[in-house]
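Below are the chains, spelled out letter by letter.
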Amino acid sequence: MSKRKRKQVSGSKNYYLQKIDELSKEISELEEECDQREKNLAQKFSLKTLDEVVKKLSLTTSTDATRDYKSQSNTEEEINSLLTIKEKLETLTGFVFEEDKALLVSSTDDNNNETTKCWRRLLTGKCLDLSFEVDFITEEKQVCPVQDGDTKEQGQISAKISKLQVKIDDPLAKDELEIFISNAEQERSLGTVLQVLSQYSQYYSSRYKTFHHFNTKYPEYVCFLNGPKWSNFMELRNVERNGLHFTVCWEIHIDKFGNVVPQIDAFVCSPVEVEGADDVVSSTPEQFRKILSQFGVEEAIELLISIVKE
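Model, not experiment: these values are computed from the prediction. (Residues numbered from 1 in each chain as written. Predicted model: local features only at pLDDT ≥ 70, side-chain atom pairs only at ≥ 80, totals over all residues. Heavy atoms only, no water.)

Undergrad: Would you explain the sheet that holds strand 8 (residues 260-269) in this entry?
TA: Strand pairing in a sheet relies on backbone hydrogen bonds, with the paired strands running either antiparallel or parallel. Spatially, the four strands line up as an open sheet ordered 5-6-7-8, and their pairing is antiparallel. Pairing within the sheet leaves two strands with one partner each, and these edge strands are strand 5 (222-223) and strand 8. Where strand 7 (residues 245-254) lies against strand 8, ten bridges are found, and the strand directions are antiparallel. When the sheet's bridge partners are listed, Trp250 is paired in strand 8 with Ile264. Here helix 6 (residues 190-217) sits on the sheet in contact with strand 5, strand 6 (233-236), strand 7 and strand 8, set at roughly 165° to strand 7. (Pairing = 2+ DSSP bridges. Helix = DSSP H or I, 4+ residues; strand = E, 2+ residues; numbered from the N terminus. Contact = heavy atoms within 4.5 Å. Axes fitted to C-alpha atoms, helices over the stretch in contact; angles between N-to-C directions.)

Given below as structure tokens:
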């Protein structure tokens, strides 16, 4: 190896090690400040409204089933209540229902004045940037006692979901949600589906917006296998020189119970043998996680790009 080449290799090693030392010092100085910030963070979204919505979705068809037994004023009150819940849902969770269809599948009466009706409901909409479709069947049972004359009185209504299907068109989201959706469909747990979609969509939207931002800002250094929308990792490289390549992996894990856990990591590889590169390769994931926890994902990626640009 020539003296000039050895000098360049040594300079690259010193540069990367210096960067790591500088970042470690900055992290130490800001730890106390960031810890205080974390203590002051408040939960941004609330999912309490979802429980109310699930109950209303299961019993909404009862409005049609008992329309003959209710006054117009009561019907208007119920409609206003549903609209209020819908507005809360969209504000707190990002849900926007674009279509809501109800179809009466069957209706049976027995000798005890008990009516059983099966309704098929189809909900389509978006939660932030994620489109979804929920198809489910509810079984409603209502006892309608007959009083003197022909006047009917509304009885108690009970409802349960007998079938549930969830459709996600986005290929990446479909793959990440596959295990959870399969389990939720078996358990017919509509409430859990809505809660998980709300949480997952926030991470899904953040990942897409972040990837799209860097793809637009640094098109010469950033590349994706399937584009920024349908990729869970991006590569950072400088095509003008054969230096270090970084890969940022942003995965969203959802288990069958609906626990949503995002995981962001960075890895580096060296296409050529460079003295000291092994130290950089082995330390990058840990250093990236430290920067990520203190400064956020955008600042952490900006640092990697600054190294690639050098």
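Undergrad: What is the right way to read the sheet that holds strand 2 (residues 114-127) from this model?
TA: With antiparallel pairing, the four strands of this open sheet are ordered in space as 1-2-3-4. The sheet is open, and its two borders are formed by strand 1 (95-109) and strand 4 (157-167), each paired with just one other strand. The mean angle between the axes of side-by-side strands here comes to 20°, regardless of whether they run parallel or antiparallel. Here 14 bridges tie strand 2 to strand 3 (residues 130-143), and the two strands are oriented antiparallel to one another. Looking across to strand 3, one finds that Cys118 is bridged to Glu139. The sheet strands contacting helix 5 (residues 171-187) are strand 3 and strand 4, and the helix crosses strand 4 at an angle near 150°.

Undergrad: In this structure, what is going on with the side chain of Thr115? I would like to understand it.
TA: When you line up the elements, Thr115 lands in strand 2. On the basis of relative accessible area, Thr115 is assigned to the buried category, the value being 16%. (Buried < 20%, exposed > 50% of the residue type's maximum accessible area, 1.4 Å probe, protein only.)

Undergrad: Please explain unusual backbone geometry as it appears in this structure.
TA: Backbone geometry follows two general trends: most residues other than glycine have a negative phi, and most peptide bonds adopt the trans configuration. Residues other than glycine seldom take positive phi values, yet Leu128 does so here, at roughly 60°. Residue placement: Leu128 occurs in the loop between strand 2 and strand 3. Assessed through its relative accessible area of 35%, Leu128 is described here as partly exposed. Of note in the backbone geometry, Arg188 takes a positive phi value of approximately 55° without being a glycine. Turning to its location among the elements, Arg188 is positioned in the loop between helix 5 and helix 6. Relative accessible area serves as the criterion here: at 39%, Arg188 is assigned to the partly exposed category.

Undergrad: Could you clarify how one ought to interpret the packing of aromatic side chains in this entry?
TA: Two numbers describe a pair of aromatic rings. These are the distance of the centres and the angle of the planes. On inspection of all chains with the given rule, the structure shows seven aromatic pairs. Here the aromatic cluster, defined as three or more aromatic residues joined through ring pairs, consists of Phe95, Phe97 and Phe132. Against the face of Tyr208 rests Lys229, its NZ or CZ located 4.9 Å from the ring centre. (Phe/Tyr/Trp six-rings, centres within 6.5 Å; stacked < 30°, edge-to-face > 60°. Lys NZ or Arg CZ within 6 Å of the ring centre and 35° of its normal.)

Undergrad: I keep staring at the environment of Glu235 and nothing clicks. Help me out?
TA: Tracing the backbone through its elements, the reader meets Glu235 in strand 6. Among the residues examined, Glu235 registers a relative accessible area of 24% and is labelled partly exposed. Those residues in contact with Glu235 that sit more than four places away from it in its chain are Tyr221, Val222, Cys223, Phe246 and Thr247. There is a polar contact of 2.8 Å between the side chain of Glu235 and the side chain of Arg237. (Polar contact = N/O pair within 3.5 Å; in protein donor to acceptor, adjacent residues only side chain to side chain.)

Undergrad: In this structure, what is going on with the environment of Leu92? I would like to understand it.
TA: In this fold, Leu92 is placed in helix 4 (residues 72-93). Considered as a pair, Leu92 and Ser198 are 106 residues apart in the sequence and their alpha carbons are 9.3 Å apart.

Undergrad: I keep staring at the nonpolar core and nothing clicks. Help me out?
TA: Within soluble globular proteins, side chains that are nonpolar generally end up buried alongside one another. Membership of the largest hydrophobic core comes to 27 residues, with the highest contact counts inside it found for Ile168 and Leu177. Elements with a minimum of two residues in this core: strand 1, strand 2, strand 3, strand 4, helix 5, helix 6 and strand 7. The biggest single contributor to this core is helix 6, with seven residues. The residues contacting Ile168, other than those within four sequence positions of it, are Leu130, Ser131, Phe132, Ala173, Lys174, Leu177, Ile181 and Leu197. Val248, Phe288, Ala300 and Val308 belong to the second-largest nonpolar core, a separate cluster that totals 26 residues. (Core = buried A, V, L, I, M, F, W, Y, C linked by side-chain atoms within 4.5 Å.)

Undergrad: Would you mind going over the pairing of strand 2 with me for this structure?
TA: Side-chain direction in a regular strand flips from residue to residue, so the side chains alternate between the two faces of the sheet. The buried fraction of strand 2 is high, at ten of 14 residues. Judged from the 13 bridges that link them, strand 1 and strand 2 form a sheet pairing that is antiparallel. Within strand 2, the residue paired with Val96 across the bridge is Lys126. Counted between consecutive antiparallel strands, the loop separating strand 2 from strand 3 contains two residues, among which Leu128 sits at a positive phi close to 60°.

Undergrad: What is the right way to look at the packing of helix 6 against helix 8 (residues 297-309) in this model?
TA: A packed helix pair is summarised by two numbers, namely the angle formed by the two axes and the spacing between the axes. Closest axis-to-axis distance for the helix 6/helix 8 pair is 11 Å, and the angle between their directions is 30°. Taken as a pair, helix 6 and helix 8 cross one another with a handedness that is right-handed. Counted together, Thr210, His213, Phe214 and Lys217 of helix 6 and Val297, Glu298, Ile301, Glu302 and Ile305 of helix 8 form the full contact between these two elements. Tallied by class, residues from the contact of helix 6 with helix 8 come to four nonpolar, two polar and three charged. (Left-handed = near helix turned anticlockwise from the far one by under 90°. Nonpolar A, V, L, I, M, F, W, Y, C, P; charged D, E, K, R; others polar.)

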